Amino acid sequence: MFVRKVARTALLVLGLVLPLVAVAAPASAAPAAADPGVLVRTLYYDTSQAQEFAADWDKAAANWNASVANVRLAKRASGTPTNIRIYADNGWPRAYVTSLGNGTVYMGRQAVQQGHYRPRITTHEIGHILGLPDRRTGLCTDLMSGSSAPATCRNDLPNAAERAEVERRFAGQLAAADLRPAVYLGVY
């Protein structure tokens, strides 16, 4: 009788805890310096409403996947959850972050019409979903400088500080300050 109660309790605890574990072993595309023991949080993005920019969002996901180890971006397949909803419109590119790793991004055609590099814009907007704010440094080397860098800037990769910040945010040691309110708005 006692053994059954212990077994039932153990199964109940496992049943409650296992669904909360949203991590997997790192994918083979992880950065070369990544620790093989690092757990990875997978975020699923949906480009079904991205119109002519779907390939640019795939490039942004590849850029982040090649740059950080603690988080993976994967294209949403049927039956998987959606963390990042992606749309295209005629406005300015922007991100609405609901929580770390979750939100909605827009590829606004206005920045593209002004000559900004599409993969830089999309990688920048995903940076907001990953917890990075606009920094407006004007430097092309700073992905999160956004449109303050010249429109001729073709750098679509995060710098070392940006990569380190994302790694820290997704390392499972989040402080309350790391979470963005639902009204947080990142604009390219």
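Everything here concerns the structure above.
Residues numbered from 1 in each chain as written. Predicted model: local features only at pLDDT ≥ 70, side-chain atom pairs only at ≥ 80, totals over all residues. Heavy atoms only, no water.

Student: Whenever I open this one, helix α4 (residues 118-129) confuses me. Can you help?
Tutor: Since the α-helix turns once every 3.6 residues, residues separated by three or four places project in the same direction. Under the 1.5 Å per step criterion, the end-to-end length of α4 is 17 Å for 12 residues, consistent within 8% with the ideal 16 Å. Burial within α4 is extensive, with 11 of its 12 residues counted as buried. The complete set of buried residues in α4 reads P119, R120, I121, T122, T123, H124, E125, I126, G127, H128 and I129. Immediately downstream of α4, the backbone of G131 shows phi near 100°, a positive value. (Helix = DSSP H or I, 4+ residues; strand = E, 2+ residues; numbered from the N terminus. Expected span 1.5 Å × (residues − 1). Buried < 20%, exposed > 50% of the residue type's maximum accessible area, 1.4 Å probe, protein only.)

Student: Even after reading the chapter, I still don't get the pattern of salt bridges, so can you show me in this structure?
Tutor: Oppositely charged side chains can form a pair if their charged atoms are brought close together. Overall, the coordinates contain 7 salt bridges when judged by the stated rule. Put simply, E52 and R109 hold a salt bridge, and the shortest N to O gap is 2.7 Å. Pair noted here: E52 is in the loop between β2 (40-49) and α2 (54-67) and R109 is in helix α3 (residues 109-113), with a separation of 57 residues, a long-range link. E165 is the partner of R135 in a salt bridge, and the nearest nitrogen-oxygen pair spans 2.7 Å. With R135 in the loop between α4 and α5 (160-169) and E165 in helix α5, this residue pair connects regions lying 30 residues apart in the sequence. Through salt bridges with shared partners, a single network forms among R135, E165 and R169. (Salt bridge = Lys/Arg side-chain N within 4 Å of Asp/Glu carboxyl O.)

Student: Hey, could you run me through unusual backbone geometry in this one?
Tutor: Peptide bonds are trans in most cases, and residues, glycine excluded, mostly fall at negative phi. One non-glycine residue with positive phi stands out, namely Q51, at about 50°. In this structure, Q51 sits in the loop between β2 and α2. The residue R136 is not glycine, and still its phi comes out positive at about 50°. With respect to the helices and strands, the residue R136 is situated in the loop between α4 and α5. Judged by its relative accessible area of 40%, R136 falls in the partly exposed class.

Student: Would you explain α2 in this entry?
Tutor: In this model α2 runs 20 Å from its N-terminal to its C-terminal C-alpha over 14 residues, within 8% of the 20 Å that 1.5 Å per residue would give. Listed in full, the buried residues belonging to α2 are A54, D56, W57, A60, A61, N63, W64, N65 and S67. Lining the buried residues of α2 we find β2, β3 (71-75), β4 (84-89), β6 (102-108), α4 and α5. (Contact = heavy atoms within 4.5 Å.)

Student: Looking at this structure, how should I read the packing of aromatic side chains?
Tutor: Pairs of aromatic rings are described using the distance from one ring centre to the other and the angle between the two planes. In the structure shown here, the tally under the stated rule is 2 aromatic pairs. Ring geometry for Y96 versus Y106: centroids 5.9 Å apart, planes at 85°, classification edge-to-face. Note that Y96 is positioned in strand β5 (residues 94-99) and Y106 in strand β6, a separation of 10 residues in sequence. The partly exposed category is assigned to Y96, whose relative accessible area is 33%. A residue is classified by how much of its surface remains accessible, and Y106, at 21% relative accessible area, is partly exposed. Among the aromatic side chains, those forming a connected cluster through ring pairs are Y87, Y96 and Y106. (Phe/Tyr/Trp six-rings, centres within 6.5 Å; stacked < 30°, edge-to-face > 60°.)

Student: What am I meant to see in the pairing of β5 here?
Tutor: On any regular strand, side chains alternate: one points to one face of the sheet, the next to the other face. Note: β5 against β6, 5 bridges, orientation antiparallel. Among the inter-strand pairings, Y96 is bridged to a residue of β6, identified as T104. Between β5 and β6, which pair antiparallel in sequence order, lie 2 residues; one of them, G101, sits at a positive phi of approximately 90°. (Pairing = 2+ DSSP bridges.)

Read these as layout, nothing more, since geometry by itself doesn't imply function.
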